[in-house]
Amino acid sequence: MLPIASVVVLSIISPFVRGQLPCDSACRNLSEILPGSVFFGQTAKSNLWSNFQAESVPQCRVEPQDAFVVSKILTVAKAYQCHFAVLAGGTSPFRYASNAEGGITIDMQLMKSVQLIDNDLLHVKVGAGAIWADVYRELDPRNMSATGTRNSLTGVTGSILGGGISFFSQRFGWSCDTAVAFEAVLANGTLVNVTHDSYPDLFFALRGGGNNFAIVTSVVIEAFRDPPTWYTFQLWDIGTLGVIFQRLQDYTAHMPSEVWQLATTFGWHVPTQQFVISERIVGSGHPKLSSSLHYPAGELSSKQSNVRETYIYQRSTLQMSQKMDIMNAPGFYNYFGSVTVKNHATVHLALAGAFCEEVFSIQKAAGLQIYIVYNPLTVETLRKMQTRGGNALGIDPKDGPLTIVNINLHWNSESDIGLMTNFMRRLTTRFRQRAEELGMLHPYLFQNHAYEEQDVFSGYGNESLRRLRRIRKEVDPEGVFQKLQPGFFKLGEQRVV
């Protein structure tokens, strides 16, 4: 059990005013004890990445300066039973994930410092309001980097709580695997410093267990020197699909030493009304890229396809991540989805086939962008996930290599939400069914990119799920983060068999 050393702030609670809603009373109380830090009405709104979150208006938005103020806010929210959300990066499309409609949004933007605190161990302390661009901006001039996400605008703590796929996962695991310490506020207001040695259970849970245990106010991560600087992009015709997927299978099984990251993207290209496939590689040396591919055209012949586009850049980590931001422009309605499969070209092709069949149902939607990304999960990466007692994701290295297939969808009009919801339900179901029919489905679901109706934690495996639920009951026996912080994926209390 964690020690009960709560910051006592109950004396700040004002009496409940009859006729006021709980969140109205909570926000009025907060404005009294935190003058200048609480915002109402239009000033409470946040210009967030996805319309689903940007359109939500909290009763109030509060900007804490440190962890002690976060503890005060949480104490008030509990006293009035007002729901809340924690806003760091805010790039989840999940409604209410980081913006509490009618509740309290705890906006961490004043807590975004990034500091190299140990030049020998290369430990970097990152505030909860920082995005990965802040980290890369600090480390790039030092010829250093960190195992952050591939988009610069993603929040650091949120990606670590969910896992975090990186440019550098082949060498260092996922973002959560490089976390060495957390500063966090528990449900009872206690401020704790969590490491593998001090609180091994909570440390385990915070590395992939989501927002079910505490409010993280800062995290210490491991950096590394001499990051790769070569970034390549190639675009191919759909006829090369089989060859590209075979190469993905081969690379995932035996990643070349100079390759740090490979991602294969298959999508519907709206301007040309065609399906296209592309490859992105991050490497430590000048890449050797093919200008054409041979693929079977019939039983006795083969066909050659020339590459449609090739780009080779030498860029910093920040610049590479900003390139990826272009694929994920703000100001749209968005859905994510995910499935995990065995590393095999057959299942990769099967998912691409299901994708093609389903896309035609939405292709006329205004502002449409739809694509899927095949992300290698190599045995080397899975082994890195076992460091410091292992993360919470529940994936055994013996299961590898695997492929994480992520769905990215955005569109313009609110009137198309129903259409897109049905599309996502069909597509995620078909992906799982096709992979299961081939005997190549893995239960894990990538939390950072899962569709909001997917059952993420059932894919963590019984052992990890039992442990997470036990830890949750120990650190949050009243279920504060289950009940008052409803956004994102919750552990729930379903029976584990």
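See the structure printed just above.
Overview of the structure. Computed from a prediction, not measured in an experiment: that's the story for all the values here.

**Notes on the pattern of salt bridges**
If the charged atoms of two oppositely charged side chains come close together, the side chains can form a pair. Following the criterion strictly, the structure yields 16 salt bridges and no others. Among the salt bridges present, the one from Glu222 reaches Arg388, with a minimum N-O distance of 2.7 Å. Here Glu222 is found in strand β10 (residues 215–225), whereas its partner Arg388 is found in the loop between α11 (379–384) and β19 (402–411), with 166 residues between them in sequence. A relative accessible area of 28% places Glu222 in the partly exposed class.

**Some thoughts on the pairing of β19**
Counted residue by residue, β19 has 10 buried out of 10 residues, so it is predominantly covered. Here β19 shows two buried faces, one formed by Leu402, Ile404, Asn406, Asn408 and His410 and the other by Thr403, Val405, Ile407, Leu409 and Trp411. Bridge analysis of strand β17 (residues 333–342) against β19 gives 10 bridges, and the strand direction is antiparallel. In the sheet register, Tyr335 faces β19, and the bridge partner there is Leu409. Sheet topology places strand β18 (residues 369–377) next to β19; 9 bridges connect them, and they run antiparallel. In the strand pairing of β19, Asn375 is matched with Ile404.

**Considering the packing of helix α8 (residues 241–253) against helix α10 (residues 345–359)**
At a minimum axis separation of 8 Å, α8 and α10 run at an interaxial angle of 135°. In terms of orientation, α8 and α10 fall into the oblique class. The way α8 lies across α10 gives a crossing that is right-handed. Across the interface between the two elements, Leu241, Gly242, Phe245, Gln246, Leu248 and Gln249 from α8 touch Ala345, His348, Leu349 and Ala352 from α10. Within the contact of α8 with α10, the residues separate by chemical class into 6 nonpolar, 4 polar and no charged.

**A few points about the sheet that holds β18**
Strands sit in the order β16-β11-β13-β12-β18-β19-β17-β20 across an open sheet of 8 strands; the sheet is antiparallel. Across the chains shown, the open sheet's two edge strands, defined by having one partner strand only, are β16 (309–314) and β20 (441–442). The sheet strands contacting α10 are β12 (259–269), β13 (274–283), β17, β18 and β19, and the helix crosses β18 at an angle near 170°.

**Quick notes on unusual backbone geometry**
Between Gly400 and Pro401 the backbone carries a cis peptide bond, its omega angle lying at 0°. Mapped onto the secondary structure, Pro401 falls in the loop between α11 and β19. Even without being glycine, Tyr96 reaches a positive phi, approximately 75°. Examined against the element boundaries, Tyr96 turns out to sit in the loop between β3 (84–87) and β4 (104–107). Judged by its relative accessible area of 36%, Tyr96 falls in the partly exposed class.

**As for the state of the cysteines**
Inspection of every chain in the model, using the stated rule, returns 2 disulfides. In this model Cys23 forms its disulfide with Cys82; the gap between the sulfur atoms is 2.1 Å. Here Cys23 and Cys82 share a disulfide; its torsion about the S-S bond, 110°, makes the bridge right-handed. With Cys23 in helix α1 (residues 22–33) and Cys82 in the loop between α3 (67–80) and β3, the pair connects residues that are 59 residues apart, well separated along the chain. In the protein chain, the bonded cysteines, numbered by position in the sequence, are linked as 1-4, 2-3.

**Points about the packing of aromatic side chains**
Overall, the coordinates contain 33 aromatic pairs when judged by the stated rule. Judged by centre distance (5.8 Å) and plane angle (85°), the rings of Phe168 and Trp260 are edge-to-face. Of this pair, Phe168 sits in the loop between α5 (156–162) and α6 (169–172) while Trp260 sits in strand β12; the two residues are 92 residues apart in sequence, bridging distant segments of the chain. Taking 4.5 Å as the distance between ring centres and 25° as the angle between the ring planes, the aromatic pair formed by Phe172 and Phe224 counts as stacked. Pair noted here: Phe172 is in helix α6 and Phe224 is in strand β10, with a separation of 52 residues, a long-range link. Relative accessible area serves as the criterion here: at 6%, Phe224 is assigned to the buried category. In this structure, Arg61 packs its charged tip against the face of Phe39, placed 4.7 Å from the ring centre. In this structure, Arg467 packs its charged tip against the face of Phe204, placed 3.9 Å from the ring centre.

**Description of α1**
Between its terminal C-alpha atoms α1 stretches 17 Å, which fits the 16 Å expected from 12 residues at 1.5 Å a residue. Those residues of α1 that sit buried are Cys23, Asp24, Ser25, Ala26, Cys27, Asn29 and Leu30. Contact partners of the buried residues in α1: β1 (38–39), β2 (60–62), α3 and β4.

**What to know about the packing of α1 against α3**
The interhelical angle for the contact between α1 and α3, taken along N-to-C directions, is 150°, at an axis separation of 9 Å. Between α1 and α3, the angle falls in the class roughly antiparallel. Considering only the axes of α1 and α3, their crossing is right-handed. On α3, the residues touching Pro22, Ser25, Ala26, Asn29, Leu30 and Ile33 of α1 are Ile73, Val76 and Tyr80.

The rules behind each value
- Residues numbered from 1 in each chain as written.
- Predicted model: local features only at pLDDT ≥ 70, side-chain atom pairs only at ≥ 80, totals over all residues.
- Heavy atoms only, no water.
- Salt bridge = Lys/Arg side-chain N within 4 Å of Asp/Glu carboxyl O.
- Helix = DSSP H or I, 4+ residues; strand = E, 2+ residues; numbered from the N terminus.
- Buried < 20%, exposed > 50% of the residue type's maximum accessible area, 1.4 Å probe, protein only.
- Pairing = 2+ DSSP bridges.
- Axes fitted to C-alpha atoms, helices over the stretch in contact; angles between N-to-C directions.
- Parallel < 35°, antiparallel > 145°, perpendicular 65-115°, else oblique.
- Left-handed = near helix turned anticlockwise from the far one by under 90°.
- Contact = heavy atoms within 4.5 Å.
- Nonpolar A, V, L, I, M, F, W, Y, C, P; charged D, E, K, R; others polar.
- Disulfide = S-S within 2.5 Å.
- Phe/Tyr/Trp six-rings, centres within 6.5 Å; stacked < 30°, edge-to-face > 60°.
- Lys NZ or Arg CZ within 6 Å of the ring centre and 35° of its normal.
- Expected span 1.5 Å × (residues − 1).

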